[in-house]
Protein chains: 2
Amino acid sequence: MRHDTKGIIFIGDGMGGRPVPALDGQTTLEAQETPALDRIAREGACGLMDPIAPGIPAGSDTSHMAILGYDPHKYYRGRGPFEAKGVGIDVRPGDVAFRCNFSTVEGRKVVDRRAGRIKQGTEQLAAAITEQIPTIEDVQIIFRPSVEHRAALVLRGPGLSHEISEVDPHDPGVDYLDSEPLPGAVDPEAAAKTARILNAFTARAYEVLDNHPVNQQRRAEGKLPANIALPRGAGTAVDLQPLSDRYGLHAAMIVEVDLVRGLGQYLQMDVIEVEGATGGQDTDEIAIARAVVEALATHDFVLANIKAPDLGGHDGNCPMKMEAIAKVDRALACILEHVNFEHTTLMITADHCTPCSVEDHSGDSVPIAFFGYGVRPDDVDRYGERACAKGSMGHLRGMEIMAVLTNMMGRGEKFGA
Amino acid sequence: MRHDTKGIIFIGDGMGGRPVPALDGQTTLEAQETPALDRIAREGACGLMDPIAPGIPAGSDTSHMAILGYDPHKYYRGRGPFEAKGVGIDVRPGDVAFRCNFSTVEGRKVVDRRAGRIKQGTEQLAAAITEQIPTIEDVQIIFRPSVEHRAALVLRGPGLSHEISEVDPHDPGVDYLDSEPLPGAVDPEAAAKTARILNAFTARAYEVLDNHPVNQQRRAEGKLPANIALPRGAGTAVDLQPLSDRYGLHAAMIVEVDLVRGLGQYLQMDVIEVEGATGGQDTDEIAIARAVVEALATHDFVLANIKAPDLGGHDGNCPMKMEAIAKVDRALACILEHVNFEHTTLMITADHCTPCSVEDHSGDSVPIAFFGYGVRPDDVDRYGERACAKGSMGHLRGMEIMAVLTNMMGRGEKFGA
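Cut-offs used in this document
- Residues numbered from 1 in each chain as written.
- Chains lettered and ligands numbered in written order.
- Predicted model: local features only at pLDDT ≥ 70, side-chain atom pairs only at ≥ 80, totals over all residues.
- Heavy atoms only, no water.
- Helix = DSSP H or I, 4+ residues; strand = E, 2+ residues; numbered from the N terminus.
- Rg over C-alpha atoms; globule rule 2.2 N^0.38 Å.
- Buried < 20%, exposed > 50% of the residue type's maximum accessible area, 1.4 Å probe, protein only.
- Contact = heavy atoms within 4.5 Å.
- Areas by Shrake-Rupley, 256 points an atom, 1.4 Å probe, with all protein chains shown as cover.
- 1 Å grid on protein atoms, 1.4 Å probe; cavity = no way out; pocket = protein on both sides within 12 Å on 5 of 7 lines; lining within 4 Å.
- Points joined across faces, edges and corners; volume = space filled by probe spheres on them.
- Nonpolar A, V, L, I, M, F, W, Y, C, P; charged D, E, K, R; others polar.
- Phe/Tyr/Trp six-rings, centres within 6.5 Å; stacked < 30°, edge-to-face > 60°.
- Lys NZ or Arg CZ within 6 Å of the ring centre and 35° of its normal.
- Pairing = 2+ DSSP bridges.
- Axes fitted to C-alpha atoms, helices over the stretch in contact; angles between N-to-C directions.
- Salt bridge = Lys/Arg side-chain N within 4 Å of Asp/Glu carboxyl O.
- Core = buried A, V, L, I, M, F, W, Y, C linked by side-chain atoms within 4.5 Å.
- Least-squares fit on C-alpha atoms with pLDDT ≥ 70 in both.
- Lys, Arg positive; Asp, Glu negative; His and termini not counted.
- Polar contact = N/O pair within 3.5 Å; in protein donor to acceptor, adjacent residues only side chain to side chain.
- Buried area = accessible area lost by both parts, 1.4 Å probe.

## Brief notes about the overall build of chain A
Here's step 1: From N to C terminus, chain A includes 15 helices and 14 strands.
Here's step 2: Relative to the compact-globule value of 22 Å for 417 residues, chain A shows a C-alpha radius of gyration of 22 Å, a close match.
Here's step 3: Seen through its principal axes, chain A has C-alpha atoms that stretch 65 × 55 × 40 Å.
Here's step 4: When each of the 417 residues of chain A is scored for burial, the buried share is 60%.
Here's step 5: For chain A, restricting intrachain contacts to residue pairs at least 6 apart in sequence, the fraction spanning at least 24 positions comes to 74%.
Here's step 6: Put simply, chain A shows about 16,000 Å² of open surface, and 48% of that area lies on carbon and sulfur atoms.

Written out as structure tokens, the structure is:
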């Protein structure tokens, strides 16, 4: 077995799609010029991947879990713990964690789920929550802000459960909800307790935030106040084997969103922050690519993700998605130029499709390509949904990727004699 | 369902590979002229096979198990029982069996793991062990030699376990090891007992062998003495359903290595020995082919394996591997000439890849082709890794092969009405 080879998984978030009539029936990926991606396909081995299974629309969290070899059917108990890890909370097994939005409410009615996309002042708002709501009953309240309107909440204490309904109604113009135990919860008593504490937290957060100086100033400036924190995405934290133990790979992650960052921290990967990686359309893809190249000098394996293509898909905006795909391509051109592929294997993929016609994740297969060391090239000459369908790798599942990649790297363990 | 059709699985051991720069990026299989294999692909249906699962490097034992439909994840408990069966020991469920090498030691230091590749005298050495070490504690010692430096050891008695570490250090120049219970062994007490007995066996074997007349003579001739037997590859024997019961096929096996031969014996296949089948580069491939043709006269199903391609792969010797592939091709030419494919289905495959660049088994997919009765031919016109990737059979797993083959043979059992 080799120990000197390197591996990269480079993910264009939501990069796969469906045919667009306005693009002559091409997908955005097929319509956009992508010289680097095409070179990778041309000199590499292509195929399609179903992140979870054929037809199952994957989340970014479940897809990244599967691609890294952690069966989401077994280990996924909601996004909350990843969100909370991603904003720096030291989540522990048994904690119940939530993604939260700073939102604007009038009474119970949600006016704006993102509090006018608040950019500043959330640190002070979060500090007020932390100070004034340290516990509810026997449960510790841990609350931390992330970028813009985003935050995370962790409940730590005995007898909690993630099997409760959401507080965030997901739509503006309607009342926020009372959390309730889900029908059929495994531990109804724990679910009832958790729902009760969560509802108390929401009410208390309103009391703390509504007249906070940050919101007084926002109102004075004609901005919407961030006068509540609405939790959603409950999840129970579980134990996951560190990735380095699992594969014998010193591993790094370079990503732009808390959800996936949190997974990386969960797996004890080195999560590398990149200046200029905004998670938006304006992200600095060359800075990300350079960070990948640098990380490879000190790590065996790097997973990188550029978020932008997913945004265009969610917005149903094809030109925006195509620009984002061009960004991914430029990042890969930089990696092709600066990495030695005589002992490095690269895999490119999307974590799921986000077709502009769907404006959400779909369960269509995503195109994949392996390039560099240990790869048996095929005849596919460009990277796209239909071109890659003819490749020699066939249809792989997300859960199979790490075995395929580590095999190419010469680091696969033989089963048998 | 038909009962008059015949089936052949013909395996070129380790025949799959990776691109070789010196062969213009072709694999050895692609670079070697293989008219018979190409005819089989051209007139047959092609695909790729993952013996275990995508990216998992398979052993010969686990791959042959899977191809014959015995799930190695469920039934594989180490190579030892197959090795022991393969040298003619009547292994019983509960026995713990080992592959052994006659080796040369000075004190505990291993000078040569193969005792100068000893060719003669091992029968006498083994007889001495059998006579002088009939039991250790309450455990019966069964020891039998195979070709050259190879031998097998079986421990038979109450409370034994295969969850122990190896005695053979696998490298010359270092001390041989004390076997110890593996951390996390299911039955630590049984593992401790087995390790203790194995260490006692190794010490006693040295006492028996070091001054044995065979070794006195070897020393006089300037040869390395075979003065110890080093066990490795512990395995617990399990019950496997006979292949004929499983598929209703009177089955034969024609192979060259003890490991796979032992599996055939385990499955109560008729294991046919062929004069001239050496397991080496010099093997008589035509004798093997003729034995397949003959066996078909009295059997429904024959599995055959030519070992030579694997040897070239392990040695990183492409010309040697290509010559071995030519041997496989000549064997198949003989089979094509002498078998009536109006009622016979042939499958050709490798049990795993052994790329010259890896010098070991890899987890790359292997090319497969089905030919003859019941086959729906496709457009693939030659047998090779990349050509077969375009075939109509897609990507199959080893565990799916017997269903596909028996279906083509018209012997598949209908599931449903």
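Back to the text.
## Structural notes on empty space enclosed by the protein
A water-sized probe, rolled over the atoms, reveals where empty space remains.
Here's step 1: Tallying each qualifying case throughout the model produces five cavities of 30 Å³ or more.
Here's step 2: Here the largest cavity is characterised by a volume of approximately 200 Å³.
Here's step 3: For the largest cavity, the lining is made up of 19 residues, of which A:Arg376, A:Met393, A:Met408, B:Asp364 and B:Ser365 are closest to its centre.
Here's step 4: Those elements that provide at least two residues to the lining of the largest cavity are helix 15 (401-408) of chain A together with strand 2 (45-50) and helix 14 (385-388) of chain B.
Here's step 5: Per element, the largest residue contribution to the lining of the largest cavity is three residues, and it comes from helix 15 of chain A.
Here's step 6: Class assignment for the residues of the lining of the largest cavity results in eight nonpolar, six polar and five charged.
Here's step 7: For the second largest cavity, the full set of lining residues is B:Tyr75, B:Tyr76, B:Arg77, B:Gly78, B:Pro81, B:Phe82, B:Thr236, B:Ala237, B:Val238 and B:Tyr266.
Here's step 8: Classifying every residue of the lining of the second largest cavity by side-chain character gives seven nonpolar, two polar and one charged.

## Examining the packing of aromatic side chains
Here's step 1: Scanning the model with the defined rule gives 11 aromatic pairs over all chains in all.
Here's step 2: Both rings, one in A:Phe82 and one in A:Tyr266, keep their centres 5.5 Å apart while their planes meet at 85°; by these two values the pair is edge-to-face. Taken together, the positions of A:Phe82 in helix 5 (residues 80-86) and A:Tyr266 in helix 10 (residues 258-266) put the pair 184 residues apart, joining distant regions of the chain. Grouping residues by exposure puts A:Phe82 and A:Tyr266 together as buried.
Here's step 3: Ring plane angle 80° and centroid distance 4.9 Å describe the contact between B:Phe341 and B:Phe371, whose orientation is recorded as edge-to-face. Of the two residues, B:Phe341 is situated in the loop between helix 13 (318-338) and strand 12 (344-349) and B:Phe371 in strand 13 (residues 366-372); the sequence distance between them amounts to 30 residues. Like B:Phe341, the residue B:Phe371 is buried in the burial classification.
Here's step 4: An aromatic cluster is present here, built from A:Phe415, B:Tyr76, B:Phe82 and B:Tyr266 joined pairwise through their rings.
Here's step 5: If you follow A:Arg246 out to its NZ or CZ, it ends over the ring of A:Tyr70, 4.5 Å from the centre.
Here's step 6: Here B:Lys85 stacks its cationic end above the ring of B:Tyr266, 5.4 Å away from the centre of that ring.

## A few points about the sheet that holds strand 12 (residues 344-349) of chain A
Residue and element names in this part refer to chain A.
Here's step 1: Strand order across the open sheet formed by eight strands is 10-9-11-1-12-13-2-14, with mixed pairing between neighbours. Unpaired on one side and paired on the other, strand 10 (270-271) and strand 14 (395-397) mark the two borders of the sheet.
Here's step 2: For strand 1 (residues 6-12) and strand 11 (residues 301-306), the ladder comprises six bridges, and the chain directions are parallel. Bridge pairing links Ile 11 to Asn 305 in strand 11.
Here's step 3: Sheet strands in contact with helix 2 (residues 35-43) are strand 2 (45-50), strand 12 and strand 13 (366-372), and its direction is about 70° off that of strand 13.

## Structural notes on the pattern of salt bridges
All names here are of chain A.
Here's step 1: Evaluated as defined, the whole model comprises 53 salt bridges over all chains.
Here's step 2: Here Lys 307 ties to Asp 310 by a salt bridge, and the two come within 2.8 Å at their closest N and O atoms.
Here's step 3: Its relative accessible area of 14% is what places Lys 307 among the buried residues.
Here's step 4: Its relative accessible area of 1% is what places Asp 310 among the buried residues.
Here's step 5: Within this structure, Arg 117, Lys 119, Glu 148 and Arg 150 form a network of salt bridges that share partners.

## Describing the nonpolar core
Here's step 1: If you look at the biggest cluster of nonpolar residues, it comprises 93 residues, and the most contacted ones within it are B:Ile9, B:Phe10, B:Leu68, B:Phe301, B:Leu332 and B:Phe370.
Here's step 2: Looking at this core element by element, the count peaks at eight residues for helix 13 of chain B.
Here's step 3: Setting aside chain neighbours within four positions, we find B:Phe370 in contact with B:Ile40, B:Gly44, B:Ala45, B:Leu346, B:Met347, B:Val375, B:Met393, B:Leu396, B:Ile401, B:Val404, B:Leu405 and B:Met408.
Here's step 4: Counting residues in hydrophobic clusters, the runner-up holds 90 residues, among them A:Ala84, A:Val255, A:Leu336 and A:Val366.

## Quick look at the relation of the copies chain B and chain A
Here's step 1: Rotating chain B by 120° about the axis while translating it 0.2 Å along that axis superimposes it on chain A, leaving an RMSD of 0.1 Å. The two molecules are tied by a three-fold rotation axis, judged by turn and shift.

## Remarks on the pairing of strand 3 (residues 96-106) of chain A
All names here are of chain A.
Here's step 1: With 10 of 11 residues buried, strand 3 lies mostly within the body of the structure.
Here's step 2: Inspection of the sheet shows strand 3 paired to strand 7 (residues 150-156) by six bridges, in the antiparallel sense. The residue of strand 7 that forms the bridge with Asn 101 is Arg 150.
Here's step 3: Where strand 3 meets strand 8 (residues 228-236), seven bridges bridge the pair, whose relative direction is antiparallel. What sits directly across from Val 96, in strand 8, is Thr 236.
Here's step 4: In this structure, strand 3 lies alongside strand 4 (residues 109-112), joined through three bridges in antiparallel fashion. From the neighbouring strand, Glu 106 faces strand 4, where its bridge partner is Lys 109.

## Quick word on the side chain of A:Asp13
Residue and element names in this part refer to chain A.
Here's step 1: Secondary-structure assignment places Asp 13 in the loop between strand 1 and helix 1 (28-31).
Here's step 2: This buried residue, Asp 13, is left without a salt bridge; Lys 307 holds the nearest opposite charge, at 4.1 Å.
Here's step 3: Looking at Asp 13, its side chain comes within polar contact range of the side chain of His 352, at 3.5 Å.

## A look at the interface of chain B and chain A
Here's step 1: Taken together, the contact pairs 33 residues of chain B with 21 residues of chain A.
Here's step 2: Approximately 2,000 Å² of surface area, both sides summed, lies buried where chain B meets chain A, with 54% of it carried by carbon and sulfur atoms.
Here's step 3: The interface formed by chain B and chain A contains three salt bridges.
Here's step 4: Across the pair B:Arg397 and A:Glu400 runs a salt bridge, and its minimum N-O distance is 2.5 Å.
Here's step 5: At the junction of chain B and chain A, the tally comes to 17 residue pairs in polar contact (both at pLDDT 80 or more).

## Here we look at the layout of surface pockets
Residue and element names in this part refer to chain A.
Here's step 1: Size it by volume and the second largest pocket reaches roughly 1,400 Å³.
Here's step 2: In terms of lining residues, the second largest pocket is bounded by 40 residues, among which Arg 99, Arg 150, Val 257, Lys 307 and Leu 311 are the most central.
Here's step 3: Sorting the residues of the lining of the second largest pocket by element identifies helix 3 (60-67), helix 5, strand 3, helix 10 and helix 12 (308-314) as the ones contributing at least two each.
Here's step 4: The class makeup of the residues in the lining of the second largest pocket is nine nonpolar, 13 polar and 18 charged.

## Overview of the pairing of strand 13 of chain B
For a regular strand, the rule is simple: side chains alternate between the two faces of the sheet.
Residue and element names in this part refer to chain B.
Here's step 1: Where burial is concerned, most of strand 13 is hidden: six out of the seven residues are buried.
Here's step 2: Pairing between strand 12 and strand 13: four bridges, direction antiparallel. Residue pairing across strands places Thr 345 opposite Gly 372, the latter belonging to strand 13.

## Observations regarding the sheet that holds strand 13 of chain B
Residue and element names in this part refer to chain B.
Here's step 1: Spatial strand order, 10-9-11-1-12-13-2-14: eight strands in an open sheet with mixed pairing. In the strand order of this sheet, the two ends are held by strand 10 (270-271) and strand 14 (395-397), each with one partner.
Here's step 2: Here helix 2 (residues 35-43) sits on the sheet and contacts strand 2, strand 12 and strand 13; the angle it forms with strand 13, its principal contact strand, is near 70°.
Here's step 3: Sitting on the sheet, helix 13 is in contact with strand 1 (6-12), strand 11 (301-306), strand 12 and strand 13, with an inclination near 165° to strand 1.

## Remarks on the side chain of B:Asn227
Here's step 1: Relative to the assigned elements, B:Asn227 resides in the loop between helix 8 (213-220) and strand 8 (228-236).
Here's step 2: Dropping the residues within four chain positions of it, B:Asn227 is found in contact with B:Ser103, B:Thr104, B:Val105, B:Ala205, B:Tyr206, B:Leu209, B:Asp210, B:Asn215 and B:Arg219.

In short, geometric facts, not functional conclusions.
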